[in-house]
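# Observations on the model geometry
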Amino acid sequence: MMKKIGSKLIDWIDERYDLTPVRNLLLHKKVPEHRHSVWYYMGGVTLFLFLVQLFTGILLLLYYRPGEDSAYESVRFIVTEVKFGWLIRNVHSWSANLLVLFAFIHMFSVFFSKAYQKPRELTWVTGFIILVLSLAFGFSGYLLPWNELAFFATKVGTDIVGVVPVIGEPLKILLRGGDEVTGATLSRFFGIHVAILPAIFTLFLVMHLLFIQRQGMHEPEHFKNLPEEKKKYIPFFPDFALKDLLLWVVVFNILIFLALYSPWELGNKADAFASAPSGIRPEWYFMFMFQSLKLLPAHILFLEGELLGVLFFGVAGFIWMLIPYIKVKHRPNWKIQLLTLIGIIIVAFIVIMTVLGYIL
Amino acid sequence: MGKRFYYFLLCTLTVSFLFGFAYPEKENKKADQNQKVDQCFACHKEIDNLPKDFSENDIHRHANLSCSSCHGGDPNSDDQDVAMSPSKGFVGVPKRKDIPKFCGKCHSNINIMRVYQPRITTDQVEQYYTSVHGKKLLAGDENVAECSSCHTAHSILSAKDPRSSVYALNVPNTCNKCHGNSSLMRTYNIPVNQLEEYSKSVHGIALLKNKDISAPACNDCHGNHGATPPGLKSISHVCGTCHVSNMDFFNATRMAKAFEEQDFHGCEQCHGNHGVQKPTDEMIGVGKESKCIDCHTEGDKGYKVSKNIHLSLIQLKNEYDAANAKYLEVRQKGMNDVEIGFQLQDAKQALIQSRTLIHTFDSVKVGAKVKEGIEFSNKASMLAQKEIDDYSTRRNGFAIATIAFLVFVIALYFKIKDKEKKAS
């Protein structure tokens, strides 16, 4: 019955708007099946978590009130009084963290399988921009509950922006809406979090998805070299999409589990005049950068250590984004290619610095 | 080329507009005010002959007062003979016994002082001469403290300035400069362990360790300019300055009269003075740490009252602790703790009030307040239990949801397998 209504509706639309391009976009794509196929699902999980963020974010907007005197109170109201408010807020917080985690996994899996190479350069660039925007989402969203920890973490975070030469200081003031982190910063971060970032994010996400849909999944080297009859493919729609859905349901269940058993603490309300509480640390995904800056000496040659660190991460991020355009000679006699080695070092660096950040 | 230029111009203008709009406004800084050259300061600085304790931050200097404002002379002349001439009112360094009056020239004159601080008092010198310090100075003892002993001579700062020697946090050490000097204090037969005792006391820990400037320093009990040891009768008034209810309750009892008759030291009798500790519930009752049994013995009325009061207090404390434990569990589970928190606040308030009511030595009054506190604690406990039960309901909900998801996942799995089978 439902199926009948569904196909009738599609026919109705098709008759008027010709859905052939959409159908082609969905149906032409085939997904290769091989021993590394599992990485194909990471992007899908990231997309799912973004949809969860969108949905829960909109629901939170119904009750959240930005402002020094209302932000904390409204979040408290959401988690204590609103029906299922605790669930929505905790799913939003957990999903944000998992989103960044899966985005990182997705990025490195693409990097190590060399899927960023021609013709998928722009897919990589847009993907990297999406990751940076996700981090910006995380940074701006962290302040919104206006609690002690978020207040001081934002203070430290924006201070780091301030060390960049020439543009650092004005950029810091622009971000904070003044010299200090105040209610003006909260208003700005709210605007950035719910309007500016979603608009830019959606744009890049649509581009990213269109590129993937248009070019199909990347085939790794070992799969390409197989004889044609041994290459196995499954249609993207509905086969791969169904598997995606299966994983999404599992991830969603994990999200609810985390929201229930490990609720995100609200803590105390931010107080600009209170001394900073102990244990001020950024979100885990900024930890490797934060820890590196902490470990750098105060001065390196004639430059400040912190400044050098910030510049290093800025330049390194930019080069990382342009990886598809950097030509490195393939050396068949090398067991590990240079770029793969660099990738392994980067992953090890991120993991070690993050762990150090929590244990030191 | 022309078109490109206009595009460029348009982009630049748009970016500038957006940046200008988003960039926060800043207040203009006030221009520095011109200051007249003070020849006293200029010359003494040049010949490196400024007073040893001189500070650029001195409050008088900040108020644009010259050295001559206290020492006389002409600050406008760079000729030493003119500037430091007695005919220009130069008085030089005052003798120690004259210092209070020397400072009092201005500080006892409201017409001068109101220019700087409209609400300032001008009775410091008058009060000083009522103090032990002042009386001894008048009697010719030049070892006692005068204004500069506490305030310094040339680095005087407002008492509200944390760098000041008379800022609340610094007062105990300022007094201790003399009162911790055993050779000096021996002359007056005064002990020198006050700071040591005070540092370990509830007041000392609050002030010196926790930096709570609302906690009393030496001057809050002894007075500052009129510093004197409190007399026997005034002890409860001294403590009662802050502990108002305790004083009122105590003074209204028969016990206050009995204390007076026995020459007991009011509050100090049970709580001590410089080393006063945070009171415990064990100070009342009939246990080893009880203060009541110092005078009361088994069988007398006071003994019984003390025992009853102690039992009520312990009952409330236990109820409160139990409710608080549940409250913490609710918080840890991320459940609604707001109303429980309010109830607990009221329970805690009742507990504090019950403890204060001890000073009425009336078990009925204490009992009534304890009952109130127990009601609040029970309500908090009940609300907390409801939240803990709700949490269990959520867990059950999650279990049901998981089963539903699992069924869906299994169905999907079979659907996929079925498709794969058909395809092959």
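In this text, all values refer to a predicted model and were calculated from it rather than measured experimentally.

## Re the interface of chain A and chain B
Taken together, the contact pairs 26 residues of chain A with 25 residues of chain B. Both faces combined, the contact of chain A with chain B buries some 2,500 Å², and carbon together with sulfur accounts for 70% of it. On inspection of chain A and its partner chain B, the count reaches seven residue pairs in polar contact (both at pLDDT 80 or more). Mapped onto the side of chain A that touches chain B, the elements with two or more residues apiece are α4 (71-80), α8 (168-176) and α11 (236-261) of chain A. Here the element with the most residues in the side of chain A that touches chain B is α11(A); it accounts for 14 residues. Tallied by class, residues from the side of chain A that touches chain B come to 16 nonpolar, four polar and six charged.

## Looking at the nonpolar core
One recurring pattern in soluble globular proteins is that nonpolar side chains are buried together. Formed by 40 residues in total, the largest nonpolar core has its most connected members in Leu49(A), Phe201(A), Leu255(A), Ile340(B) and Leu344(B). Contributions of two or more residues to this core are made by α3 (40-61), α5 (85-112), α6 (121-143), α9 (183-215) and α11 of chain A together with α20 (301-332), α21 (338-357) and α22 (363-423) of chain B. In this view, Phe201(A) contacts Phe50(A), Ile130(A), Leu133(A), Ser134(A) and Phe137(A); residues no more than four positions away in its chain are not counted. Formed by 22 residues, the second largest nonpolar core is a distinct cluster that contains Val100(A), Met107(A), Phe111(A) and Trp320(A).

## Observations regarding the confidence of the model for chain B
Residue and element names in this part refer to chain B. Per-chain confidence: chain B averages 89 in pLDDT, with 96% of residues scoring 70 or above. Per-element confidence in chain B is highest for α21, whose mean pLDDT is 96, and lowest for helix α16 (residues 235-240), whose mean pLDDT is 79. Across residues 28-34, confidence stays below pLDDT 50; counting only partners more than four residues off in sequence or on other chains, it has zero contacts. We note a pTM of 0.68 for the whole complex and an ipTM of 0.75 for its interfaces.

## A word on the packing of aromatic side chains
Counted under the stated rule, the structure contains 39 aromatic pairs over all chains. Between Trp146(A) and Phe151(A), the ring centres sit 5.5 Å apart and the planes meet at 85 degrees, which makes this aromatic pair edge-to-face. For the pair Trp146(A) and Phe151(A), a shared accessibility class is recorded, and that class is buried. By way of ring pairs, the aromatic residues Phe104(A), Phe108(A), Phe111(A), Phe112(A), Tyr116(A), Trp124(A) and Trp320(A) are connected into one cluster. Over the face of the ring belonging to Phe236(A) we find Lys29(A), whose NZ or CZ atom lies 4.1 Å from the ring centre. Stacked on the ring of Phe102(B), the Lys or Arg Lys105(B) has its end atom at 4.6 Å from the ring centre.

## Some points on the side chain of Thr360(B)
Residue and element names in this part refer to chain B. With respect to the secondary-structure elements, Thr 360 resides in the loop between α21 and α22. Only 2.5 Å separates the side chain of Thr 360 from the backbone oxygen of Leu 357, close enough to count as a polar contact. Setting aside anything within four residues of it in sequence, one finds Thr 360 in contact with Phe 249, Thr 253 and Lys 365.

What counts as what
- Residues numbered from 1 in each chain as written.
- Chains lettered and ligands numbered in written order.
- Predicted model: local features only at pLDDT ≥ 70, side-chain atom pairs only at ≥ 80, totals over all residues.
- Heavy atoms only, no water.
- Contact = heavy atoms within 4.5 Å.
- Buried area = accessible area lost by both parts, 1.4 Å probe.
- Polar contact = N/O pair within 3.5 Å; in protein donor to acceptor, adjacent residues only side chain to side chain.
- Helix = DSSP H or I, 4+ residues; strand = E, 2+ residues; numbered from the N terminus.
- Nonpolar A, V, L, I, M, F, W, Y, C, P; charged D, E, K, R; others polar.
- Core = buried A, V, L, I, M, F, W, Y, C linked by side-chain atoms within 4.5 Å.
- Buried < 20%, exposed > 50% of the residue type's maximum accessible area, 1.4 Å probe, protein only.
- pLDDT = per-residue confidence, 0-100.
- Phe/Tyr/Trp six-rings, centres within 6.5 Å; stacked < 30°, edge-to-face > 60°.
- Lys NZ or Arg CZ within 6 Å of the ring centre and 35° of its normal.

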